[in-house]
Amino acid sequence: MKFGVVVFPGSNCDDDMVHVLGTVMGCEVKKLWHKDTDLGNLSTQDCIVLPGGFSYGDYLRAGAIARFSPIMQSVINFAKAGGYVWGICNGFQILCEAGLLPGILLPNEQQKFICKNVWIRIESLQSPLTATLSAGEALKIPIAHAEGRYYADKATIDQLEVNGQILFRYCDANGHITPQSNPNGSLHHIAGICNANRNVVGMMPHPERCAEEILGNTDGRKLFKSLLATTRLTV
Amino acid sequence: MKYIAEIDVMPREELLDPQGKTVALNMKHVGVAGVADVRIGKHIRMVIEAADESEARQKVETACDKLLANVIMETYTYTLQLLDE
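Computed from a predicted model, the values in this text were never measured in an experiment.

About the cut-offs
- Residues numbered from 1 in each chain as written.
- Chains lettered and ligands numbered in written order.
- Predicted model: local features only at pLDDT ≥ 70, side-chain atom pairs only at ≥ 80, totals over all residues.
- Heavy atoms only, no water.
- Salt bridge = Lys/Arg side-chain N within 4 Å of Asp/Glu carboxyl O.
- Helix = DSSP H or I, 4+ residues; strand = E, 2+ residues; numbered from the N terminus.
- Buried < 20%, exposed > 50% of the residue type's maximum accessible area, 1.4 Å probe, protein only.
- Pairing = 2+ DSSP bridges.
- Axes fitted to C-alpha atoms, helices over the stretch in contact; angles between N-to-C directions.
- Contact = heavy atoms within 4.5 Å.
- Patch = residues over 30% accessible without salt bridge, like charges linked within 9 Å, V, L, I, M, F, W, Y side chains within 5 Å.
- Areas by Shrake-Rupley, 256 points an atom, 1.4 Å probe, with all protein chains shown as cover.

A look at the pattern of salt bridges
- By the definition in use, this model includes 16 salt bridges over all chains.
- Notably, a salt bridge pairs Glu74 of chain B with Lys42 of chain B, separated by 3.4 Å at the nearest N-O pair. Placement of the pair is Glu74 of chain B in strand β3 (residues 74–82) and Lys42 of chain B in strand β2 (residues 42–49), with a sequence separation of 32 residues.
- With its nearest N and O atoms 2.9 Å apart, the salt bridge here joins Arg57 of chain B to Glu53 of chain B. Here Arg57 of chain B and its partner Glu53 of chain B are both found in helix α2 (residues 53–68), four residues apart, which amounts to about one turn of the helix.
- The class of Arg57 of chain B is partly exposed, set by a relative accessible area of 30%.
- Via salt bridges that share partners, Arg61 and Glu97 of chain A together with Lys42 and Glu74 of chain B belong to a single interconnected network.

A look at the sheet that holds strand β9 (residues 166–171) of chain A
Residues and elements named next belong to chain A.
- Read from one edge to the other, the open sheet built from nine strands follows the order β2-β1-β3-β4-β11-β10-β9-β6-β7, with strand pairing classed as mixed. Edge positions in the sheet fall to β2 (29–33) and β7 (138–145), since each has one partner strand and no second. Between one strand axis and the next, the sheet turns by 25° as a mean value, whatever way the strands run.
- One ladder, built from eight bridges, connects strand β6 (residues 114–122) with β7; its direction is antiparallel. Within β7, the residue paired with Lys116 across the bridge is Ile143.
- Helix α3 (residues 90–97) contacts β3 (47–50), β4 (84–88), β10 (190–194) and β11 (200–203) of the sheet and is inclined by roughly 120° relative to β4.

Section: a nonpolar patch on the surface
Residue and element names in this part refer to chain B.
- Residues Val30, Val32 and Val35 make up a contiguous nonpolar surface patch of about 230 Å² in total accessible area.
- By the element assignment, Val30 lies in the loop between α1 (18–25) and β2.
- The class of Val30 is exposed, set by a relative accessible area of 60%.

Given below as structure tokens:
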């Protein structure tokens, strides 16, 4: 599996992602520039990552303007053809604005930018990111966002629940869903979801920030390992 | 013809607006009592070239539906006026 990491004006987690994919996981990875439409040699067996950051300064709404950049039309076609797309933080916001994932990320309940470690519980193994993990397992992954309060109408949320499209929920260190463990007011404690075809995934926490021993936490690496293992290419 | 569109984008009524809530809670520090509710949205002014009013309306609505507002979380209203040259 090869990777393309999209760089928008204002992306700031692109280098971390390229480092983890290339140096830590040993994968072939290249950056994709927002003004281009060419995805190069990426096939639908490969994965495009929309990294975290503040694309276009979060003007208007987080992700609203990035969603119309030239590369995104190619990313939308790639996703519709079955290619893997993984959006983290601002990438998740962009995927929602683009309509590749349902719902939207609203400003945090407390009107604050939150940057801290949180725990998320694996809810569904039916996605390449979670397939090799255990349901109910809690991972410690940092969040860093001002707009992370997941919202969708009731019918959409019901559908996500029934289809097992909710991949991660905010929880405490023991994997319990408590009111205190929801950092931003997300509906149903949602921290990450996938689309119905399970090839598009969005999540607010940053696994690329906790994938190496030197950083004191390697929980994020489990998601990278699962993605590579399920797509049948070992590290 | 040039038209000026005055667009208001507001968070949907059923959604918590943390910005508005914080402002409302702090009105007491400004010495203003009796503020029951505050909701904060955006005002956008856009000057458009269009052949007629109907084309101008179409342009404003396309801009709002596709970019200026996200209908999952926001509603919009607008007024349109012919600009004097």
